[in-house]
Amino acid sequence: MARGKSRIRKAKTLASSALPAAPADAAPVEVLPEYTLIFIFRRLTPADLLRAALACHRWRRAAVRAVPRAPPILGYFFHPAGVPGKPPLPSIDKTFYPAVFAPLEASSPRLSLALSAGEMNSFRLNDVHLGLVILLPRDLPEAILPRVLVIDPASRRRALLPSPPRGALRDDRWRCDRKVFGVALLSRAHPSRLSFDAVLFTVDGDRPRAWVASVRDGDCTWRAMPRSEGIQVDFDPRWFENRCVHAAGNIYWHICNSNRVLKLDSLSLEFSFIPVPAALADCFTSYRIGETPGDGRLCIVVMVDEELQIWVRGEALCSDKGWLVDTRTCVRKVLDTVSGLPSVGLKRHISTWFTDMDYAGTGKVFVGTWGYGRYSFHMETGKLERLKMKDGKEYGHPIWGYTLAWPPAFLAPED
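Cut-offs and rules
- Residues numbered from 1 in each chain as written.
- Predicted model: local features only at pLDDT ≥ 70, side-chain atom pairs only at ≥ 80, totals over all residues.
- Heavy atoms only, no water.
- Pairing = 2+ DSSP bridges.
- Helix = DSSP H or I, 4+ residues; strand = E, 2+ residues; numbered from the N terminus.
- Axes fitted to C-alpha atoms, helices over the stretch in contact; angles between N-to-C directions.
- Core = buried A, V, L, I, M, F, W, Y, C linked by side-chain atoms within 4.5 Å.
- Buried < 20%, exposed > 50% of the residue type's maximum accessible area, 1.4 Å probe, protein only.
- Contact = heavy atoms within 4.5 Å.
- Polar contact = N/O pair within 3.5 Å; in protein donor to acceptor, adjacent residues only side chain to side chain.
- Salt bridge = Lys/Arg side-chain N within 4 Å of Asp/Glu carboxyl O.

Peer 1: Residue-level account of the sheet that holds strand S1 (residues 73-78), with values.
Peer 2: Strand order in this open sheet of three strands is S2-S1-S23, and the pairing throughout is antiparallel. In the strand order of this sheet, the two ends are held by strand S2 (100-103) and strand S23 (400-403), each with one partner. Taking each pair of neighbouring strands and ignoring which way they run, the sheet shows an average axis angle of 35°. Alignment of S1 against S2, held across four bridges, turns out to be antiparallel. Across the sheet, residue tyrosine 76 finds its bridge partner in S2, namely alanine 102.

Written out as structure tokens, the structure is:
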């Protein structure tokens, strides 16, 4: 019996020695140096980074240094288009559908503009920038200076701006032939408050004019800038698109059937015309202004003979009116995957075009077709994705990528 007990004790001793020693109490996270926290935080998703920043003051300081420069994209705002007709016919549904938000991923928040029933059918999207959505009334006479509705979908704050006062201009002799072509957000004073500057673009006679609204916590003041004397609109002003494009720090308006675009300097508020490359003169209906993903350079995206071309601004001996070809990508095989699309020739050329470069910096361009659907094309992966809703409707044009005002106020770098 004694020998049996001795063998049991010996077996237990050997078994216990084979097991790893119990670890000491884990070191508290406070002993991690700040550079280690920053290294960890830079690998978090934006949502997890914001949660970590709320843990304590020390983690917030580390999160400030780890916050990504580019704001995360949450999804897209657009007005849905009707169910497509049978190719090659476009949609026959001309119904106006209120603006909707399509989240980028399943984990993205479901945002809403929280419009009333009357507002949903009365206002149309006109700009999305710096976390704010700007809407203008539909079907107003083009000479009337409209009221502007501005909404912050993340906080549900909103402001309905009054139209510029009739007495803003002394002896306003352009009142009868004035044409309004949209509104754009200039800047946002603080990401946690509804304080911003917006600009309303009009053509008074044959000269463009900017009307600037300054909003500070609900108080709105308008000022009318002088008509641009250096720029003359020597064509039918109705060729201006009624929405703008933010690119490389400035604001641009496309002009239909034209080889130039209108630029508004966001700092000096001066207008100027920017010519497009002469090589694109034969396909000007397809080019779109944007900015390159990553470095944010001003660029033009265009489809030429089933080739995606990216032109960027640059001065060189081989430049074309100040533009240089930066990227060439054949999209023939990608377009071959579109069901029913004509395979070759003029029919394919007139049936497909690029409608925009994704301003959210995802590396995507949006593709429009004449009755074959709407798509997004990722320039790096070559993936073509159909932009279709669950009820069969298409993503309407234009499509605005929505990002938060960045960085959030509590993660803004301290002076």
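Peer 1: Summarise the nonpolar core; cite the residues concerned and give the values.
Peer 2: The tendency in soluble globular proteins is for nonpolar side chains to be buried as a group. Ranked by size, the top nonpolar core spans 22 residues in total, and within it Val199, Phe201, Phe240, Ile251, Trp253, Leu262 and Phe271 carry the most contacts. When contributions to this core are tallied by element, the ones reaching two or more residues are strand S7 (178-190), strand S8 (195-204), strand S9 (207-216), strand S12 (250-253), strand S13 (260-264) and strand S14 (271-275). Apart from the residues lying within four places of it in its own chain, the contact partners of phenylalanine 201 are Lys179, Val180, Phe181, Gly182, Pro208, Arg209, Phe240, Trp253, Leu262 and Phe271. Leu145, Val183, Leu185 and Leu194 belong to the second-largest nonpolar core, a separate cluster that totals 20 residues.

Peer 1: Can you break down the side chain of arginine 348 residue by residue, with the values?
Peer 2: Within the secondary structure, arginine 348 sits in helix H7 (residues 345-351). At 2.4 Å, the side chain of arginine 348 and the side chain of glutamate 306 are in polar contact. If we ignore the near neighbours within four places in the chain, the residues touching arginine 348 are Glu306, Arg332, Leu335, Asp336, Leu341, Pro342 and Ser343.

Peer 1: Describe the pattern of salt bridges, and please don't skip the residues or the numbers.
Peer 2: For the coordinates displayed, the defined rule picks out 29 salt bridges. For the salt bridge of aspartate 204 with arginine 178, the shortest nitrogen-to-oxygen distance reads 2.9 Å. Of this pair, aspartate 204 sits in strand S8 while arginine 178 is found in strand S7, placing the two residues 26 residues apart along the sequence. Taking relative accessible area as the criterion, aspartate 204 reaches 0% and is therefore assigned buried. On the basis of relative accessible area, arginine 178 is assigned to the buried category, the value being 3%. Here glutamate 394 makes a salt bridge to arginine 386, at a shortest N to O gap of 2.6 Å. By relative accessible area, which is 4% here, glutamate 394 ends up buried. Where salt bridges share partners, they join Asp172, Arg175, Arg178, Asp204 and Arg209 into one cluster.

Peer 1: Which residues make up helix H4 (residues 57-66), and what values do they have?
Peer 2: Residues of H4 that are buried: Arg60, Ala62, Ala63, Val64 and Ala66. Buried residues along H4 sit in contact with helix H2 (34-41) and helix H3 (46-53).

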